[in-house]
Amino acid sequence: MISVEQAVEIVLGNLPARGTERVSIQSVQGRVLAADLTANCDVPPFNRSAMDGYAVCAADTVGAPVSLEIAGESRAGGGGAATLRPGRAVSVMTGAPVPADADAVQVIEQTKRSDDGCRVTVLKPVHTGENIVPRGSEAASGEIVLEAGRLAGPSELAVLATFGYESVMVWRRPSVALLTTGDELVEVHEEPHFGQIRNSNAHSLRGQLRLMGIEADYLGIARDDKQNLRDRMAQASARDVTILTGGVSMGEYDFVKEVLHEVGFKILFAGVAMRPGKPTVFARRGDRLAFGLPGNPVSTFIAFENFVRPALGRLCGIARPELPRIHGALTRDMKQSPGRTAYLPAQVRMAQVGWEIEPLRWRGSADIIGFARANAAVIFPADRDSMKGGETAEALLLPDYFQRSQAR
Ligand code: AMP
Ligand code: MG
């Protein structure tokens, strides 16, 4: 059986070409820029005062205190800046253009205005250039201000607005169809009869996709019946990526692999040496990808993070979409039967000496209730059968790790 790393390599080696699209500044947050953006003007566009105070010739202030005639005022948003001659000062506000010929601004706290308002005493000397942000010093026209590959966050939105970019080119998000399978499944609003359970994977997967900014097209529950599965797959055929859950194991009614093959997908792997999530399937038909995730809720969750996230993230233009890994000290011993890499629920925290990883109790790949208490998944290497408390282990931070940490 292939390792998780080998499986990820197969997934990444089979991604279709990425597409781009133009989106408005209103909806660009969380998207990845597909092209460099250059400054279309100097910033600041004029020599800007960084402080409220007086624009002066620095040389006039060498013998401070000195009294200067107030020659006018320059306010933020005001038109042309007043000019300045030696021996004079111009009152300036933060963000206002500094008059031509002035080469420094003394802050208002270091000045005293005469009672008649006509003169100002500068109490301390200022250096040339002090409190002036020169035109073009933050960005010169033509300079790259946002590189392709940059994630648009709040600061990037401000940069776009600064240059009047109302829309930009970003990597297109892949379209995703979500299909759950299983005769035993009913939806959240339904009352399960004996032998039935509620479909929880549809919800965890939509949540995981939403954390990546992707709104999936949910196609409902397919029955464990080949024709029904084929029909549902046909509904998904226009989507870039189809995510299925259930029906990939060895059971008599596990038809997903067979149907994927029948409708033209090439199975690129079926089975990965991991726990949970061993029967995970990955398939491709031209530019379309399909992931068959094992139905147990924790298997679905982990298989998504291990394989679907890297694929969708890269299609969205994210260079390293994998969950962040940390190294930390285990708080207690762990045991397993070796052979597969295990991803087990853990609570991790940053202690004074570094990260601490506390493995949580849970009851296997169906136990989403136990897993929901985790903020990380501790990785138990395939070639180990025990790990000791205090030993350094590796863990994946769950995708909403930071929000989780803030909640409690
Ligand atoms: P399967 O992968 O179809 O063999 O399913 C494995 C286990 O996961 C079975 O106990 C199923 O009942 C359960 N299961 C499958 N799909 C879901 C789902 N969408 N939500 C919750 N449990 C599921
Ligand atoms: Mg099933």
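Everything below is about the structure printed above this text.
Residues numbered from 1 in each chain as written. Chains lettered and ligands numbered in written order. Predicted model: local features only at pLDDT ≥ 70, side-chain atom pairs only at ≥ 80, totals over all residues. Heavy atoms only, no water.

Draft legend 1. Looking closely at the packing of helix H1 (residues 4–12) against helix H6 (residues 297–315). Relative orientation of the contacting elements H1 and H6 amounts to 30°, with a least axis distance of 10 Å. By the angle class used here, H1 and H6 are roughly parallel. Here the hand of the crossing between H1 and H6 comes out right-handed. Along the contact surface, H1 presents Val4, Ala7, Val8, Val11 and Leu12, while H6 presents Asn306, Phe307, Pro310, Ala311 and Arg314. (Axes fitted to C-alpha atoms, helices over the stretch in contact; angles between N-to-C directions. Helix = DSSP H or I, 4+ residues; strand = E, 2+ residues; numbered from the N terminus. Parallel < 35°, antiparallel > 145°, perpendicular 65-115°, else oblique. Left-handed = near helix turned anticlockwise from the far one by under 90°. Contact = heavy atoms within 4.5 Å.)

Draft legend 2. Geometry of the site of ligand 1. Near ligand 1 lie 17 residues; those nearest to it are Glu184, Asn199, Ser200, Gly247 and Gly295. Asparagine 201 is positioned with one of its backbone polar atoms (N or O) 3.3 Å from a nitrogen atom of ligand 1. The backbone of glycine 295 places a nitrogen or oxygen atom 2.8 Å from an oxygen atom of ligand 1. For ligand 1, the accessible surface in isolation is 480 Å², of which the surrounding protein chains cover 79%. (Near = heavy atom within 4 Å. Polar contact = N/O pair within 3.5 Å; in protein donor to acceptor, adjacent residues only side chain to side chain. Areas by Shrake-Rupley, 256 points an atom, 1.4 Å probe, with all protein chains shown as cover.)

Draft legend 3. Geometry of empty space enclosed by the protein. Scanning all chains against the criterion turns up one cavity of 30 Å³ or more. For the largest cavity, the calculated volume is near 50 Å³. Around the largest cavity, the lining residues are Gly30, Arg31, Val32, Trp171, Arg173, Met212, Cys316 and Ile318. When its residues are assigned to classes, the lining of the largest cavity shows five nonpolar, one polar and two charged. (1 Å grid on protein atoms, 1.4 Å probe; cavity = no way out; pocket = protein on both sides within 12 Å on 5 of 7 lines; lining within 4 Å. Points joined across faces, edges and corners; volume = space filled by probe spheres on them. Nonpolar A, V, L, I, M, F, W, Y, C, P; charged D, E, K, R; others polar.)

Draft legend 4. How the structure looks around the pairing of strand E4 (residues 53–56). As paired strands, E4 and strand E6 (residues 88–92) are joined by three bridges and run antiparallel to one another. Directly across from alanine 55, in E6, lies its bridge partner valine 90. In terms of strand pairing, E4 meets strand E7 (residues 104–107) through four bridges, oriented antiparallel. Bridged to glycine 53 within E7 is valine 107. (Pairing = 2+ DSSP bridges.)

Draft legend 5. Region of interest: the pattern of salt bridges. With the rule as written, the count across this model stands at 20 salt bridges. In this structure, aspartate 240 and arginine 172 form a salt bridge, with 3.4 Å as the shortest nitrogen-oxygen distance. Taken together, the positions of aspartate 240 in the loop between helix H4 (226–235) and strand E17 (241–245) and arginine 172 in the loop between strand E12 (167–171) and strand E13 (176–181) put the pair 68 residues apart, joining distant regions of the chain. Taken together, the salt bridges that share partners define one network made up of Glu147, Arg150 and Glu156. (Salt bridge = Lys/Arg side-chain N within 4 Å of Asp/Glu carboxyl O.)

Draft legend 6. Representation of the sheet that holds strand E16 (residues 217–222). An order of E16-E13-E17-E21-E20-E18 is seen for the six strands of this open sheet, with the pairing classed as mixed. Looking along the sheet, the strands with just one partner apiece sit at the ends: E16 and strand E18 (266–270). Strand after strand, the sheet turns through a mean of 15° between neighbouring axes, direction not considered. Note: E18 against strand E20 (residues 281–285), four bridges, orientation antiparallel. Of the residues in E20, the one forming a bridge with alanine 270 is valine 281. Against the sheet, helix H3 (residues 201–211) touches E13, E16, E17 and strand E21 (288–293), its axis set at about 160° to E13.

Draft legend 7. A look at the side chain of threonine 111. In this structure, threonine 111 sits in strand E8 (residues 111–113). There is a polar contact of 2.7 Å between the side chain of threonine 111 and the backbone oxygen of isoleucine 108. If near-sequence neighbours (up to four positions away) are discounted, threonine 111 is found in contact with Tyr54, Gln106, Val120, Thr121, Val122 and Leu123.

Draft legend 8. Representation of the environment of lysine 112. With respect to the secondary-structure elements, lysine 112 resides in strand E8. A relative accessible area of 55% places lysine 112 in the exposed class. Sequence spacing of lysine 112 and arginine 408 is 296 residues, and the spatial spacing of their C-alpha atoms is 52 Å. (Buried < 20%, exposed > 50% of the residue type's maximum accessible area, 1.4 Å probe, protein only.)

From the geometry alone we can't say anything about function, so treat these as descriptive.
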